[in-house]
Amino acid sequence: MATAYTTDSRFARHTLPNHPEHAGRLHAIAQAVTESGLLERLVWVEPRQAEQDDLLAVHSAAYLARLEATRGHSLVMLDADTYATGESYDTACLAAGAVLAITDVVLGGDATNGLAAVRPPGHHATPNRAMGFCLLNNVAVAARYAQRQHGVERVVIVDFDVHHGNGTQDAFYGTPSVLYISTHQSPLYPGTGAANEVGEGSGVGFTVNIPLPPGVGDAGYGAAFEHIVIPALRRFRPEVIFVSAGFDAHWADPLAQMALSLSGYDSIVRRLVEQAAELCQGRLVAVLEGGYHLDALAYGWANTIRAFLGDEGCDDPLGPARAAERDIDAVLRRIQAIHHLP
Ligand SMILES: [Zn+2]
């Protein structure tokens, strides 16, 4: 079992001091991955710039032109909380391209699974606009690329970032060949992702939203995976699973109010590794999204690498959340009913 890995110091070129989505996030990850000795055990994959055609499979030409026009400007605010600097467009193309490079290695069979530590993140970027710190939808571009370049028919995207990936949902809302499954805090930014948003046209049933109230932690997430995520995956029979891996559902994260611990994150990642082994020869690609508490982010990502490598154990120096978890059985039963899951 080989695990592929990509990242790039050039991702630091897109940054803004005092913004939560800053270059220090990847520095923290790089330090954890290097110091733990994990890096030398991974198959290194060189990132590349995504091509215009790759991006056009998800984003409109008009939006890409607007984004490219930020090149060379010192700072452009694309919405209230989404910035672009003069180097952001090229950095975003490199982030999307890095995920394509990992996808090539995993679908080409040179590695079983892989991870892309990239910025800027992607899952809020819609076909037509930047939002929520996201410029290009890295995971959506890779899902389309897997279908176009590798002849894959059925792709799953599991998004466990604490925010709903509205951009990814938009990109595939009418598409039955890409199953989008999201666990997210509700209410929370961006406000989408209600349980009854299930897709449209021939895509009905292929968007599975699992909105969870604040305070849900290891037990609740475990139950959501057990009763909804895993049965939905098994029913769909994916050929590859992409993960929008955000670590902002950790209890210490400053932008949300969920209660996952690092151990809880590790458990759901290991469920996905198991499902990939059962359903699609282990083919699993994790792409970094959010995560704004630097230790939770760095440990969460390093633990994910260990799970992908098949190592035992999990580092959880931050420990469990202090508050008791609320019961979400009724919430989960309602979502199971919406999606006709047993
Ligand atoms: Zn997030």
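Presented here is an overview of the structure given in this document.

Scoring rules and cut-offs
Residues numbered from 1 in each chain as written. Predicted model: local features only at pLDDT ≥ 70, side-chain atom pairs only at ≥ 80, totals over all residues. Heavy atoms only, no water. Core = buried A, V, L, I, M, F, W, Y, C linked by side-chain atoms within 4.5 Å. Buried < 20%, exposed > 50% of the residue type's maximum accessible area, 1.4 Å probe, protein only. Helix = DSSP H or I, 4+ residues; strand = E, 2+ residues; numbered from the N terminus. Contact = heavy atoms within 4.5 Å. Expected span 1.5 Å × (residues − 1). Bend = angle between axes of the 7 residues up to and from the residue. Donors = N, O, S within 2.8 Å, 3.2 Å for Na, K, Ca; no water. Tetrahedral: all angles 85-135°; square planar, octahedral: opposite > 155°, others 65-115°. Salt bridge = Lys/Arg side-chain N within 4 Å of Asp/Glu carboxyl O.

**Concerning the nonpolar core**
In step 1: By size, the foremost hydrophobic cluster in this structure holds 106 residues, and its most contacted members are Ile181, Ile210 and Trp301.
In step 2: If you tally residues by element for this core, the top one is helix α4 (residues 88-107), at 14 residues.
In step 3: Among residues more than four places away in sequence, those in contact with Ile181 are Val156, Ile157, Val158, Asp159, Val208, Ile210, Val229, Ala232 and Leu233.

**Some remarks on helix α7 (residues 218-236)**
In step 1: Look at α7: 25 Å from first C-alpha to last across 19 residues, which is about the 27 Å you get at 1.5 Å a residue.
In step 2: A maximum bend of about 40 degrees is found in α7 at Phe225.
In step 3: Inspection of α7 places Gly220, Tyr221, Ala223, Ala224, Phe225, Ile228, Val229, Ile230, Ala232, Leu233 and Phe236 among the buried residues, and these make up the whole buried set.
In step 4: Tucked into the core, α7 has its buried residues touching β6 (155-159), β7 (178-185), β8 (207-212), β9 (240-245), α8 (262-279) and α10 (329-338).
In step 5: Arg237 sits one or two positions beyond α7 and adopts a positive phi of about 55 degrees.

**Some remarks on the coordination of the zinc ion**
In step 1: Within the protein, the atoms that donate to the zinc ion are Asp161 (OD), Asp161 (OD), His163 (ND1) and Asp248 (OD), at distances of 2.0 to 2.7 Å.
In step 2: Every donor counted, the four donor atoms about the zinc ion form angles of 53 to 155 degrees at the centre, which fits irregular coordination.
In step 3: Site description for the zinc ion: donor spacing in sequence, D-x1-H-x84-D. Of the two residues, His163 is situated in the loop between β6 and α6 (166-172) and Asp248 in the loop between β9 and α8; the sequence distance between them amounts to 85 residues.
In step 4: Overall, His163 belongs to the buried group, its relative accessible area being 8%.

**Side note on the side chain of Thr168**
In step 1: By secondary structure assignment, the location of Thr168 is in helix α6.
In step 2: Once you skip the residues sitting within four places of it in the chain, Thr168 turns out to touch His123, Ala125, Asn137, Ile157 and Tyr180.

**Details of the pattern of salt bridges**
In step 1: Counting across every chain of the model gives 16 salt bridges.
In step 2: Of the charged contacts, one joins Asp266 and Arg270 as a salt bridge, the two residues approaching to 2.8 Å between their closest N and O atoms. A residue pair is termed a helical-turn pair when its members lie 3 or 4 positions apart in one helix, as Asp266 and Arg270 do in helix α8 at four residues.
In step 3: Its relative accessible area of 8% is what places Asp266 among the buried residues.
In step 4: Given the relative accessible area of 22%, Arg270 is considered partly exposed.
In step 5: As a salt-bridge pair, Arg306 and Asp315 come within 3.9 Å of each other at their nearest N and O atoms.
In step 6: Take Arg306: its relative accessible area is 16%, and that puts it in the buried class.
In step 7: A relative accessible area of 35% means that Asp315 is categorised as partly exposed.
In step 8: When salt bridges that share partners are traced, they join Glu21, Arg25 and Arg119 into one network.

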